Amino acid sequence: MLLVRDIRKSYREPDGAVLPILDVPHFSVAVGEQMVLMGRSGSGKTTLLHILAGLSQPDAGSVEIDGLDITQLPEAGRDRFRAAKIGYVFQTFNLLPGFSALENVLLGMTFCGRKPDAQRAKDLLGRVGLANRMAHKPHMLSVGEQQRVAVARAMANKPRLLLADEPTANIDAHHQQIVVDLLRDTCRSEGVALVLVTHVDDVAGQFDRVEKLEELNRTVSGG
Amino acid sequence: MSLWKIAWRSIQQRGLSSFLTGLSMALGVALVAIVLVIHGVVSRSFSEAAQGYNLIVGAKGGKLQLVLNTVFHLSQPIENIPYSYYEELIPGEGAHKGGKLSRGVEVAIPFCLGDSFDEFRVVATTPEFFEKLSYGSYGERYKCAQGRFFKGQPWKEWYTAVVGSVAARQANMKLGQKFPITHGLPHNVNAHAHDEVQFEVVGILEPTGTPNDRAIFVNMEGFFKIPDHAKPVPKGDAHAGHDHDKDHDAHGAADKQEPAAAHDHDKHAEPDKHEDHDKVGHGKDAHDADKHDAHDKHDAHDKHDAAAMPPGDSPAAKTAPSDANKHAEPDKVHDADHEAGHDTGPEAGHHHDHHEKVDLDEPLPENQREVTAVLVLMKENTEGLTYSQVLVRDINKGNVAQAVFPTKEVTDLMQGMVGNLRLILLVLAVLVVVVAGIGVMVSIYNSMSDRGREIAIMRSLGASRGTVMTVVLLESILLSLLGGVAGVVAAHGLIGALEPWIVGQTGVSVGMFQFEMTELILIPGLIGLAALVGYLPALTAYRTDVAKALSASH
C-alpha cells in the first residue's frame, strides 16, 4: 500500500552548509497494517511523515501509495491526493480555533472536492465519544477531547493511510490509551493503514510492528 | 463547508480587529455615499427648481445671477426692468392682441425681488404664479397645505401673502398673521422695515422641495404700494399714470414708454368710471388731483374706515372710489395705518416715517412700476418651441433686458463649479475608502503571521495554495463589503436623521431612502478594492511553507 524507495532529504543551513536529514532506502506498509515508527528527537520522524503526506518533496526517491508515486505529482495534485487518501493527526491536535468540533471534521471533507458528509462527521464524532460536544469550539474541549476530534477529522474522508505524529505527546497517560485505542479501532474498522510516530515505549509496545527510524535512516545510522 | 464560511469564521475569530477594520471601511463608504446622495439631491433640486417655465427675463447683467436670485433666491437681484417691458411679454387674450414680444408665450409672470421678512426673501408676484406655473420634473402644481392662494381682486387681496413651507415653519408664520416686509435682503445692514403696509398670510404652501419653500410670496399690487417701491417719476410725468386708453389698447410696441400727463380728469368726473379704479393703474398723483373735485365725502370716509379694518373685513373697501379727503385729514389716515396693525417695532435698519401715507386701494401707476424678472412659459407647441429662441435673441439684442434659459444656466453651473466640487469631494471620499482598504490589508496581513499555522493545517487537510489564497481574498472582500454595506446604511440613516435640519436649512428635501444609481458602483468598486488590498496577504498565504509552519507549531 505504501512503498518508500531511496528517499533523501536535506536542508540548507544559514551558513550555506547542507544538512542531510533523511536517507531511507526502503520502507513499506501493507494495506490496513498498523505500525509504530520510533525515533529520538531530531531523527527526522516529522520530515518523513511530511514527505509521506506529500506536504514536502524529497530531494530524491519515490513514495508510492496504492501504486501512485506522489513525488511525481504537481503540488496541486499532491494536495488533492492528500485530501482524498491521507489522514493526518498532529502532536498539537491542530484544530482550527474558530470552528466547532463538527466544523473541524467537516473542514477535513471540504478540501476533498466532494460535498461534505455531515452525517459521517457526526457519526465519527459519536464514535470518538463526542456526540454531545459537536458544537463546542476547541478551547471548550479538554486536550483529550481535542485529540479525539483530530482523529475524527483525519478519518473524515475515509483515507487509505493515516499518519499520526506523536498523537499522545501532550496528553496524560489515561487519555493516551484512549487515543491509541481510538486510532487503532477506527483504522481497523475502516481498513486504514496506520503509521504512528511515538517515543513512548508503552504506546509502541501495543503494536505488532515497531520500526526505529535510526535503523531506517542512513543519515542517522551512518549506514 | 463553503470557503465563504471559512473566511467568515476567520473574521469572527479576530472580532475586535475585524470590527475596527470594518468600521474604518464603513466610515469611508458612508462618506462616499453621502457625497453621492447629497450631490444627486442637490443636482436634482437645482434642475427641478428651474422647471415649470422656459425663460427668465430680467435686467442686463450676469445670466447666472439672474437665475440664482430668481429661481434659487440667492445672490443679489441685478436691477429692475420697466413694467411696460413685462407687459410686452403678456400674451393676447380675446380682444387683447398681446404684447410685441408675446408670440409663442403661454404666460408671463412678473417677479419683484429685493425685500425680505425675517430670514426669508419676499417674492412679489401675481396669483398666476400659483395658478399657471408648475414645479419639478413632473409638472407638479402648487398646493396650499393651509389656506389658499392670494387673488388679484378685490384690493384687500393685494395685501395678502402665501408662505413657503420652510419659511412658515421657521418663521412660525400662521394663517391670518400680518407682517411688514423689510426693504433689503436678509442680513443686509441697510435693510429697513416698512410698517406702512402689512401683508396677511392667507396660505401656506405644501412642501415642494424647491427653493420656493423658503420664500414668502406677496401680492405684487400690495408690494408696489410700499413707499420705496414706486419708481420716481420726473416732474413732467407727474400725472402720467392714469391713462385709460393705454390700459385698453396700448399693450403695444416694446419701445412704448409711459406717455406723459396722460390723466384724463374728465373721466374721473364720471361716476360710472370709478369701477375701473380697482382694475387699472391709477396714478396716485392723479387721484390727488381728484381730491380737488370734491368727491362725495361719505365715500371717502368709508374708505378710511376700510383702511382701518383688516383686509377683507371692510364692506366699504370694495366700493371706495378714491381718497379725496385724506390729505385734508392727515391724522386720520395716519391713525388708520396704525390701527391696521402696524405696531411692529423696527427689526432691522430704520423705520419709515409713519406719517407717510399709503393709499391702500389705489394701484400704483404703471409708470412707477418696475419688475425684477419675468418668468416666461412658452406654449407647448411648435410656435412656443420656435419662438423661445427668437424671443431670447430679440430680447438680448436690445438694451433693456436679457433672457436666459434657466435649465441651461443650472446645467452649466452644475457641470462647471458644482461638478468640480463634487469631483473634489468624491476624490477625497474615495481616498478615505482607499485608506480604509489599506487598513483592511494591514489588518489581514498582520494576522497572517499568527495564521500561518491555520493555513498550514488547511493545507495538510488537502487545501491547495489557491484555496487558501481564495479564503484570504474572500475574507478581505467580506470585510470590505460588510463595512461598505454598513457605511451605506449609516449614510442613509444619517441623511434620514438630519433630513429635517437639511430641509430647514436649505429647503432641499432629502429622504433616507433616496438612493443614487452611482451608489451601485460602490459594490463592484469595493469588491475590486478588497481583491486588490487582499492580494498581498493572500499571496502570503499562498507562499506559506506548510512543513515549516507545522513544525513551528509543535
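Cut-off values and rules
- Residues numbered from 1 in each chain as written.
- Chains lettered and ligands numbered in written order.
- Predicted model: local features only at pLDDT ≥ 70, side-chain atom pairs only at ≥ 80, totals over all residues.
- Heavy atoms only, no water.
- Helix = DSSP H or I, 4+ residues; strand = E, 2+ residues; numbered from the N terminus.
- Buried < 20%, exposed > 50% of the residue type's maximum accessible area, 1.4 Å probe, protein only.
- Contact = heavy atoms within 4.5 Å.
- Areas by Shrake-Rupley, 256 points an atom, 1.4 Å probe, with all protein chains shown as cover.
- Buried area = accessible area lost by both parts, 1.4 Å probe.
- Salt bridge = Lys/Arg side-chain N within 4 Å of Asp/Glu carboxyl O.
- Polar contact = N/O pair within 3.5 Å; in protein donor to acceptor, adjacent residues only side chain to side chain.
- Nonpolar A, V, L, I, M, F, W, Y, C, P; charged D, E, K, R; others polar.
- Phe/Tyr/Trp six-rings, centres within 6.5 Å; stacked < 30°, edge-to-face > 60°.
- pLDDT = per-residue confidence, 0-100.
- Expected span 1.5 Å × (residues − 1).
- Bend = angle between axes of the 7 residues up to and from the residue.
- Pairing = 2+ DSSP bridges.
- Axes fitted to C-alpha atoms, helices over the stretch in contact; angles between N-to-C directions.
- Core = buried A, V, L, I, M, F, W, Y, C linked by side-chain atoms within 4.5 Å.

> How should I be thinking about the overall build of chain A in this particular structure?
In terms of helices and strands, chain A carries nine helices and nine strands. Per-residue burial over chain A gives 58% buried out of 223 residues. Summarising the internal contacts of chain A: among those between residues at least 6 apart in sequence, 71% fall at separations of at least 24. For chain A, the exposed surface amounts to about 9000 Å²; the carbon and sulfur share of it is 49%.

> Explain the interface of chain A and chain B to me, please; I cannot follow it from the model alone.
A common way to state how big an interface is: give the accessible area lost once the parts meet. Taken together, the contacts link 26 residues of chain A with 24 residues of chain B. Around 2400 Å² of area is buried between chain A and chain B when both sides are counted, 62% of it from carbon and sulfur atoms. By the criterion of area lost to chain B, the three top residues of chain A are N94, F99 and F111 of chain A, representing 22% of everything that side buries. At the junction of chain A and chain B, the tally comes to five salt bridges. A salt bridge links R9 of chain B to E103 of chain A, with the nearest nitrogen and oxygen atoms 2.2 Å apart. Inspection of the region where chain A meets chain B yields eight residue pairs in polar contact (both at pLDDT 80 or more). The residue inventory of the side of chain A that touches chain B, partitioned by class, reads 11 nonpolar, nine polar and six charged.

> Any chance you could explain the packing of aromatic side chains here in plain terms?
The relative placement of two aromatic rings is captured by the distance of their centres and the angle of their planes. All names here are of chain B. All told, the structure shown has 18 aromatic pairs over all chains when counted by the stated rule. When the centroid spacing of 5.2 Å and the interplanar angle of 70 degrees are considered together, the rings of Y83 and Y86 count as edge-to-face. Here Y83 pairs with Y86, and both are found in helix α4 (residues 83-89), just three residues apart, close to one helical turn. The pair Y83 / Y86 is uniform in exposure class, with both members buried. Summarising the aromatic geometry, the rings of F129 and F130 are spaced 5.2 Å apart at their centres and angled 80 degrees between planes, so their arrangement reads as edge-to-face. Assessed through its relative accessible area of 2%, F129 is described here as buried. Here F130 falls in the buried class, since its relative accessible area comes to 2%.

> For this particular structure, what's the right way to read the confidence of the model for chain B?
In low-pLDDT segments, the atomic positions of the prediction should not be examined closely. All names here are of chain B. Looking at chain B, pLDDT values average 74 and 74% of them are 70 or higher. Of all helices and strands in chain B, the one with the weakest mean pLDDT is helix α12 (residues 330-339) (36), whereas strand β10 (residues 160-163) scores best (94). Listed scores for the predicted complex are pTM 0.64 and ipTM 0.87.

> What am I meant to see in the pattern of salt bridges here?
For side chains bearing opposite charge, pairing can occur when the charged atoms are close. The tally for this structure, following the rule as stated, stands at 23 salt bridges over all chains. Note that R82 of chain A is salt-bridged to D79 of chain A, the shortest N-O span being 2.5 Å. Pair noted here: R82 of chain A and D79 of chain A are both in helix α2 (residues 75-85), with a separation of three residues, about one helical turn. The exposure classification of R82 of chain A matches that of D79 of chain A, with both residues buried. The residue K5 of chain B makes a salt bridge to E103 of chain A at a minimum N-O spacing of 3.4 Å. Note that K5 of chain B is positioned in helix α1 (residues 3-13) and E103 of chain A in helix α3 (residues 101-110), a pairing that runs across two chains. Look at K5 of chain B and you get partly exposed, because its relative accessible area is 34%.

> Honestly, unusual backbone geometry in this entry has me stumped. Any pointers?
Backbone phi values are negative for most residues with the exception of glycine, while trans is the configuration of most peptide bonds. That bond from Q153 of chain B to P154 of chain B is cis: its omega, -5 degrees, falls within 30 degrees of zero. The backbone phi angle of F93 of chain A is positive, close to 70 degrees, even though this residue is not glycine. Structurally, F93 of chain A can be placed in the loop between β6 (86-89) and α3.

> Before we go on, may I ask you to explain helix α16 (residues 522-542) of chain B in this structure?
Because each turn of an α-helix spans 3.6 residues, side chains separated by three or four positions in sequence point in the same direction. Residue and element names in this part refer to chain B. Compared with the 30 Å implied by 1.5 Å per residue over 21 residues, the 28 Å span of α16 between its first and last C-alpha is a close match. By the largest-angle criterion, Y535 marks the main kink of α16, which is about 45 degrees, and a proline, P537, follows within four residues. Three or more residues of α16 are buried, namely L522, L526, L529, A530, V533, G534, P537, A538, L539 and A541.

> Any chance you could explain the sheet that holds strand β9 (residues 209-212) of chain A here in plain terms?
Within a beta sheet, neighbouring strands are joined by backbone hydrogen bonds and run either parallel or antiparallel to one another. All names here are of chain A. With parallel pairing, five strands are arranged side by side in an open sheet as β6-β7-β8-β3-β9. The sheet is open, and its two borders are formed by β6 and β9, each paired with just one other strand. For this sheet, the mean inter-axis angle between neighbouring strands, taken without regard to orientation, is 20 degrees. Sitting on the sheet, α2 is in contact with β6 and β7 (161-165), with an inclination near 80 degrees to β6.

> Sorry, what's going on with the nonpolar core here?
Side chains that are nonpolar tend, in soluble globular proteins, to be buried together. Residues L2, F27 and L125 of chain A are the most contacted members of the largest nonpolar core, which totals 118 residues. Sorting elements by how many residues they give to this core places helix α14 (residues 406-460) of chain B first, with 11 residues. Beyond its immediate stretch of four places on either side in the chain, L2 of chain A contacts F27, S28, V29, L52, V63, E64, I65 and L161 of chain A. Within the second largest apolar cluster, 84 residues are counted, among which are V201, V202, L364 and A373 of chain B.

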